[in-house]
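Chain by chain, the residues run as shown.
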Amino acid sequence: MARSATLWLAAPSRFAGLRKSRARIAIGLLVLLLLACLTALTVPDPAAVSGGSGASQSDQTDLMVYEKIVAGVKGGGDYYTVATDTLRAGGYPLRPFFTVRMPSLAVLQAALPAWGPAALLYLLAAYVGLVWVLRLREALPRAVPRIFAGVLLIGSMLAFLQPDLAAFHEIWAGLLIALSLGLRRPGRWVEAVAFGLVAMLIRETAALYAVVMLAIAWLEGERREALGWIAALTLFAAALAAHAWAVTGVTGPLDPASPGWSGLLGFGFFVKAIALATALQLVPIAAAALIVGLCLFGWASWNDPLGLRMLVVFACYAALIGVFARLDTFYWALMVAPLFLVGLVFVPDGLRDLFRPSLDRRRITVTRVAR
């Protein structure tokens, strides 16, 4: 009986059909990736992302600062006056201008009733989950992998289901990026661009995602989509310029400056940050690090244009966090956490398609029969 072409996927993985030599090279690269992930063991522990009683003091302080800003705006205060006064009182830096968050999220939350932010967070998370469940159905025709993918999606979104963290800008931006990725299809990009723009207006680091999407669209020959991302980045740049002007109007040279964003903590810090931002915080860090590596391998295995986009987005944010993030900005990983663990569902087919040719010892024997 012929062996099935796939284990879980509707179509063979990206590594199907590799020659033995290339398959063995790919296995070697996978081993190097897993070893690189284990460098997370050498990174100091930042405070875990948590909205419960186990949250660190600094984590609670950040949340309280954002909540005080929302309360001040709700009380009728001007956003920039309220934000800078609150940050000064907490000893936070006010220079350069992007140490002050853009007003979008605070103004929106201030306009909602007390239960509004939590309800909106649940609705957005549910919509992201629905979009991705429907998107993954095309790649996963069988029930078991679909259920596994759903469990992984929930594990990726644990932090995004905690209303106590609703004041974190990365929570909203991360969900919007996940939604943008799930809605984007060849020839259908308007919704993806729109949600990407909203993510940028909430958290400036979402601009990296927009740049990645622009570059890939251009390389794929999707010129109209690329122009859409250029338009979104242009609108974001205009909003950021207005934000900079507003911040400089309420700050001065005596305000404290940021210590900078050159943490140079390396790839291991990205691995640890992803573990803390997902359900992997519940397992030992050595196991979590290896799972992070397998997740990246899984996304690389998915032979779909969306799989490539996911992998490039993760790689770019890994570089951003590894080079620029500090220990106290580990929560940048929330920008790409909502979908990260789902990559595990593509691992079985990817591993099989790598090891099958590399372990194939069949030989062809030619026999000449003389008559």
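Our subject is the structure that appears above.
Since this is a predicted model, take the numbers as computed values, not measurements.

**Comments concerning the pattern of salt bridges**
Going through the model one piece at a time under the given rule, you end up with 15 salt bridges. Note that Arg 203 and Glu 170 form a salt bridge whose closest N and O atoms lie 2.5 Å from each other. Here the residue Arg 203 occupies a position in the loop between helix 8 (190–202) and helix 9 (207–219), and Glu 170 occupies one in helix 7 (residues 169–183), the gap between them amounting to 33 residues. Neither residue differs from the other here; Arg 203 and Glu 170 are each classed as buried. One salt-bridge network, in which partners are shared between bridges, spans Arg 101, Glu 170, Arg 203 and Glu 204.

**What to know about helix 14 (residues 347–358)**
The terminal C-alpha atoms of helix 14, which comprises 12 residues, lie 17 Å apart, in line with the 16 Å expected from a rise of 1.5 Å per residue. For helix 14, every residue scored as buried is listed here: Val 347, Asp 349, Gly 350, Arg 352, Asp 353, Leu 354, Pro 357 and Ser 358. Considering only its buried residues, helix 14 is in contact with helix 1 (20–37) and helix 12 (285–301).

**Some points on the packing of helix 9 against helix 13 (residues 305–324)**
It is the contact of helix 9 with helix 13, at a shortest axis distance of 10 Å, that shows an interaxial angle of 140°. Regarding the angle of helix 9 to helix 13, the classification is oblique. You can see that helix 9 and helix 13 cross each other, and the crossing is right-handed. Here Leu 208, Tyr 209, Val 212, Met 213, Ile 216 and Ala 217 of helix 9 come into contact with helix 13, specifically with Arg 309, Val 312, Val 313, Cys 316, Tyr 317 and Leu 320. Class assignment for the residues of the contact of helix 9 with helix 13 results in 11 nonpolar, no polar and 1 charged.

**Thoughts on the nonpolar core**
In this structure, Trp 132, Ile 171, Leu 181, Met 200, Trp 299 and Phe 340 are the most contacted members of the largest nonpolar core, which totals 109 residues. Here this core takes 10 residues from helix 7, the largest share from any one element. Excluding its chain neighbours within four sequence positions, the residues that come into contact with Trp 299 are Trp 132, Gly 307, Met 310, Phe 314, Leu 339, Phe 340, Val 342, Gly 343 and Phe 346. Val 70, Tyr 79, Leu 94 and Val 247 belong to the second largest nonpolar core, which has 16 residues in total.

**Considerations on the packing of aromatic side chains**
Following the criterion strictly, the structure yields 16 aromatic pairs and no others. With centroids separated by 6.3 Å and ring planes inclined at 75°, the aromatic side chains of Phe 270 and Phe 340 adopt a geometry described as edge-to-face. A residue pair is termed long-range when its members are at least 10 positions apart, and Phe 270 in helix 11 (residues 267–277) and Phe 340 in the loop between helix 13 and helix 14 qualify at 70 residues. The same class applies to Phe 270 as to Phe 340, namely buried. Look at Trp 299 and Phe 314: their rings are 6.0 Å apart centre to centre, the planes differ by 50°, and that puts the pair in the tilted class. Pair noted here: Trp 299 is in helix 12 and Phe 314 is in helix 13, with a separation of 15 residues, a long-range link. The ring of Trp 218 carries Arg 223 above its face, with NZ or CZ at 4.0 Å from the centroid.

**Brief notes about the packing of helix 9 against helix 10 (residues 223–248)**
Remark: helix 9 packs on helix 10, axes separated minimally by 8 Å, with the N-to-C direction vectors making an angle of 155°. Put simply, helix 9 runs roughly antiparallel to helix 10. As for how helix 9 packs across helix 10, the hand of that crossing is left-handed. Seen from helix 9, the contacting residues are Ala 207, Tyr 209, Ala 210, Val 211, Met 213, Leu 214, Ala 217 and Trp 218; seen from helix 10, they are Arg 223, Glu 225, Ala 226, Trp 229, Ile 230, Leu 233 and Phe 236.

**Quick word on helix 13**
The end-to-end C-alpha distance of helix 13 is 29 Å, a good match for the 28 Å that 20 residues give at a rise of 1.5 Å each. What helix 13 keeps buried is the set Leu 306, Gly 307, Arg 309, Met 310, Val 313, Phe 314, Tyr 317, Ala 318, Leu 320, Ile 321 and Gly 322. Packed against the buried residues of helix 13 are helix 5 (116–137), helix 7, helix 9, helix 10, helix 11 and helix 12. You can read the cap of helix 13 off the contacts: a side-chain oxygen lies 2.8 Å from the backbone nitrogen of Leu 306, and it is on Asp 304.

Parameters at a glance
- Residues numbered from 1 in each chain as written.
- Predicted model: local features only at pLDDT ≥ 70, side-chain atom pairs only at ≥ 80, totals over all residues.
- Heavy atoms only, no water.
- Salt bridge = Lys/Arg side-chain N within 4 Å of Asp/Glu carboxyl O.
- Helix = DSSP H or I, 4+ residues; strand = E, 2+ residues; numbered from the N terminus.
- Buried < 20%, exposed > 50% of the residue type's maximum accessible area, 1.4 Å probe, protein only.
- Expected span 1.5 Å × (residues − 1).
- Contact = heavy atoms within 4.5 Å.
- Axes fitted to C-alpha atoms, helices over the stretch in contact; angles between N-to-C directions.
- Parallel < 35°, antiparallel > 145°, perpendicular 65-115°, else oblique.
- Left-handed = near helix turned anticlockwise from the far one by under 90°.
- Nonpolar A, V, L, I, M, F, W, Y, C, P; charged D, E, K, R; others polar.
- Core = buried A, V, L, I, M, F, W, Y, C linked by side-chain atoms within 4.5 Å.
- Phe/Tyr/Trp six-rings, centres within 6.5 Å; stacked < 30°, edge-to-face > 60°.
- Lys NZ or Arg CZ within 6 Å of the ring centre and 35° of its normal.
- Polar contact = N/O pair within 3.5 Å; in protein donor to acceptor, adjacent residues only side chain to side chain.

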